[in-house]
Amino acid sequence: MRFERLDEEAKLMGQSQRMRPESVGRLQTLEPSGPECGPPDLQPRGRRRRGEGREARGARGARGPGGVAAERCAPGTRHSTHHTELAGAGPLREALRALLPQTKEELKLGLSERVERSAMLLLQEATDLFYGGRTSECLQASEALQDYSWEKLNTGAWQDVDKDWRRVYAFGCLLKVLCLCEAPGDATTVAAALKVCDMGLLMGAAILGDILIKVAAILQKHLLSGKRPGPGPAQEQPSTKKARNDRTSVPDTSSESAVPRLHCPSLQYFREHHLVPERPVILEGVADHWPCMKKWSVAYIQDVAGCRTVPVEVGSRYTDEAWSQRLMTVSEFISKYILDEPSDIGYLAQHQLFDQVPELKQDISVPDYCCLGDGEEEDITINGWFGPPGTVSPLHQDPQQNFLAQVIGRKYIRLYSPRESEALYPHSTHLLHNTSQVDVENPDLERFPRFAEAPFLSCVLCPGEVLFIPAKCWHYVRALDLSFSVSFWWS
């Protein structure tokens, strides 16, 4: 977990956004790359525990967060308003409708009285319109519902946002997706619907048994079946260019104390010699059998996850003034920041990509050593870190245990004990207190003289290796190659 700097008045599509609860910093501008984009669940990386948030004041734009300014779905066939039972035709529509209760009376919203009555009436109206077959009117109502709940999501501190308002937003996204897919839709419309669904997953909360995850899987399968949209102003066809792999400088670690290595230690040995005494270690042979070690490549990731919308960090490191974030599809990220040679660095960092794309999650495994923690396996947070050479996570510490598994490329990593905190000069501000002010590989020793005396361990983490980073252990990470890492945060 790193933490992220964010502009206090960040705006996306004329609206401000909130950050993911894991990071810290000031809000930065997120620029959507397509008309369906809205702000993602950008949880600040770094010093915060999950579920903590920050202030992100809402400035209302002309459209809802998932609203379409130019793109509209073709209205579906109107059905009789005298019946509430669903009926439809077409494989995509049928697959989506099969996830829903057959009648509106069976649809349980499950919202508390904390949701304002006007919002409840709007949601009920949108539901009635959908079950009544009035797709065009339902589409408008669902967008109004997104507008309404968007204001609530972006007012005050994120931890103070009632979860029911996130559910309201998720219902708005669900209804909009269903409306977009009511008519026999072209691939561009389905891709737009998938972006709306991703926004519901990123910003909303679980509804109807995690129905948005199931909806996204159906939409993605529909797109992957050969019905991808053609190229447009915000959608490029997958490139056949090879990924650039311009390596950055590799530090000379011969004079540095190396992180110890073990080959598949027993659970008891790991617990007694590393977990309890909080000693970092590289585990070899633990991830060699994971399918991702043989399957994953830029082309594979683009094929499996290319149509999904994700938050991308733009800038060399999140402590820089120029750092920002943007929403784009994985294909757009690969095209711009992996295949091309942009003037800046893009990093798909600390994102729960595996919840969005179960196909990728099937290629990895939770390390057995996580069973030594206090929580259940579902409590483990799994994040993806995908980017070109040169991406940097500044020296920082996190509140949870971390297994960092390297799948593609290499990373140079330094580790400092929490006992050295004073010599690492953490920022004095509350938002950045878990991040050092020191540029690790180019320190200003006049400003930070004690840093030169702080002992550390270092390593170059290679594919197939898993690094154990104890909770609150300071760590600095720089990608030496095109890189994909997977982190497992556990208590």
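Residues numbered from 1 in each chain as written. Predicted model: local features only at pLDDT ≥ 70, side-chain atom pairs only at ≥ 80, totals over all residues. Heavy atoms only, no water.

Observations regarding the sheet that holds strand β11 (residues 411–416)
As a general point, the strands of a sheet are linked pairwise by backbone hydrogen bonds and lie either parallel or antiparallel. The five strands are arranged β2-β12-β11-β14-β9 in an open sheet whose pairing can be described as mixed. Two strands lie at the open edges of the sheet, namely β2 (257–258) and β9 (392–396), each paired on one side alone. Looking at chain direction, β11 and strand β12 (residues 457–461) are connected through five bridges and run antiparallel. Considered in β12, the bridge of R414 is made with S458. (Pairing = 2+ DSSP bridges. Helix = DSSP H or I, 4+ residues; strand = E, 2+ residues; numbered from the N terminus.)

A few points about the pattern of salt bridges
Taken as a whole and assessed by the stated rule, the structure comprises 19 salt bridges. Between R134 and E137 there is a salt bridge whose closest N-O contact spans 2.7 Å. In this structure, the salt-bridge partner of E441 is R478, at a minimum N-O distance of 2.6 Å. Here the residue E441 occupies a position in the loop between β11 and β12, and R478 occupies one in strand β14 (residues 474–479), the gap between them amounting to 37 residues. Salt bridges here are not isolated pairs; linked through shared partners, they connect R114, D162, D164 and R167. (Salt bridge = Lys/Arg side-chain N within 4 Å of Asp/Glu carboxyl O.)

A short note on the packing of helix α3 (residues 135–153) against helix α4 (residues 163–180)
As a packed pair, α3 and α4 sit with axes 8 Å apart at the nearest point and diverge in direction by 155 degrees. Between α3 and α4, the crossing angle belongs to the class labelled roughly antiparallel. Crossing of α3 over α4 shows left-handed handedness. From α3, T135, C138, L139, S142, E143, L145, Q146, Y148, S149, W150, K152 and L153 reach across to α4, where they touch W165, R166, V168, Y169, F171, G172, C173, L175, K176, C179 and L180. Among the residues making up the contact of α3 with α4, the classes are represented as 14 nonpolar, five polar and four charged. (Axes fitted to C-alpha atoms, helices over the stretch in contact; angles between N-to-C directions. Parallel < 35°, antiparallel > 145°, perpendicular 65-115°, else oblique. Left-handed = near helix turned anticlockwise from the far one by under 90°. Contact = heavy atoms within 4.5 Å. Nonpolar A, V, L, I, M, F, W, Y, C, P; charged D, E, K, R; others polar.)

Thoughts on the pairing of strand β10 (residues 401–408)
When you tally the buried positions in β10, you get eight out of eight residues, the bulk of the element. Pairing analysis gives seven bridges linking β10 to strand β15 (residues 483–490), with the strands arranged antiparallel. Within β15, the position partnered with A405 by the bridge is V486. Sheet topology note: the β10/strand β13 (residues 466–469) ladder contains four bridges and is antiparallel. Across the sheet, the residue bridging to N402 is I469, located in β13. (Buried < 20%, exposed > 50% of the residue type's maximum accessible area, 1.4 Å probe, protein only.)

Digging into the nonpolar core
Side chains of nonpolar character tend, in soluble globular proteins, to be buried together. In this structure, L96, F130, L153, L174, V177, V215 and L219 are the most contacted members of the largest nonpolar core, which totals 56 residues. Counting only elements with at least two residues in this core, the list comes to α1 (91–97), α2 (117–131), α3, α4, α5 (187–203) and α6 (211–224). Broken down by element, this core gets its largest block of residues, twelve residues, from α4. Beyond its immediate chain neighbours, meaning those up to four positions away, L219 contacts L92, L96, V177, C181, V190, A193, L194 and C197. Among the nonpolar cores identified, the runner-up in size contains 47 residues, and F270, V281, W290 and L339 belong to it. (Core = buried A, V, L, I, M, F, W, Y, C linked by side-chain atoms within 4.5 Å.)

Description of the layout of surface pockets
In this structure, the second largest pocket occupies an estimated 270 Å³ of space. Around the second largest pocket, the lining is made up of 16 residues, and of these E278, P280, S417, P418 and R419 lie nearest the centre. Among the residues making up the lining of the second largest pocket, the classes are represented as eleven nonpolar, one polar and four charged. (1 Å grid on protein atoms, 1.4 Å probe; cavity = no way out; pocket = protein on both sides within 12 Å on 5 of 7 lines; lining within 4 Å. Points joined across faces, edges and corners; volume = space filled by probe spheres on them.)

Some points on the side chain of R317
The topology assignment puts R317 in the loop between β5 (309–314) and β6 (324–329). Within the local environment of R317, its side chain forms a polar contact with the side chain of D439, the two groups lying 3.5 Å apart. Apart from residues lying up to four places away in sequence, R317 is in contact with W323, V392, P394 and D439. (Polar contact = N/O pair within 3.5 Å; in protein donor to acceptor, adjacent residues only side chain to side chain.)

A short note on α5
A turn of α-helix holds 3.6 residues, and therefore any two residues three or four places apart point the same way. Between its first and last C-alpha atoms α5 spans 24 Å; for 17 residues at 1.5 Å apiece the expected length is 24 Å, and the two agree. Taking burial as the measure, the 17 residues of α5 include 15 buried ones, the bulk of the element. Here α5 starts with a cap whose side-chain oxygen sits 3.0 Å from the backbone nitrogen of T188, and that cap is D186. (Expected span 1.5 Å × (residues − 1).)

Here's the deal with the side chain of K411
Here K411 lies in strand β11. As a buried residue without a salt bridge, K411 has its nearest oppositely charged side chain in E313, at a separation of 11 Å. Of note is the side chain of K411, whose polar atom sits 3.2 Å from the side chain of Y347. Among all residues touching K411, those that are not within four sequence positions of it are Y347, W385, Q406, C459, V460, L461, V477, R478, A479, L480, S483 and S485. (Lys, Arg positive; Asp, Glu negative; His and termini not counted.)

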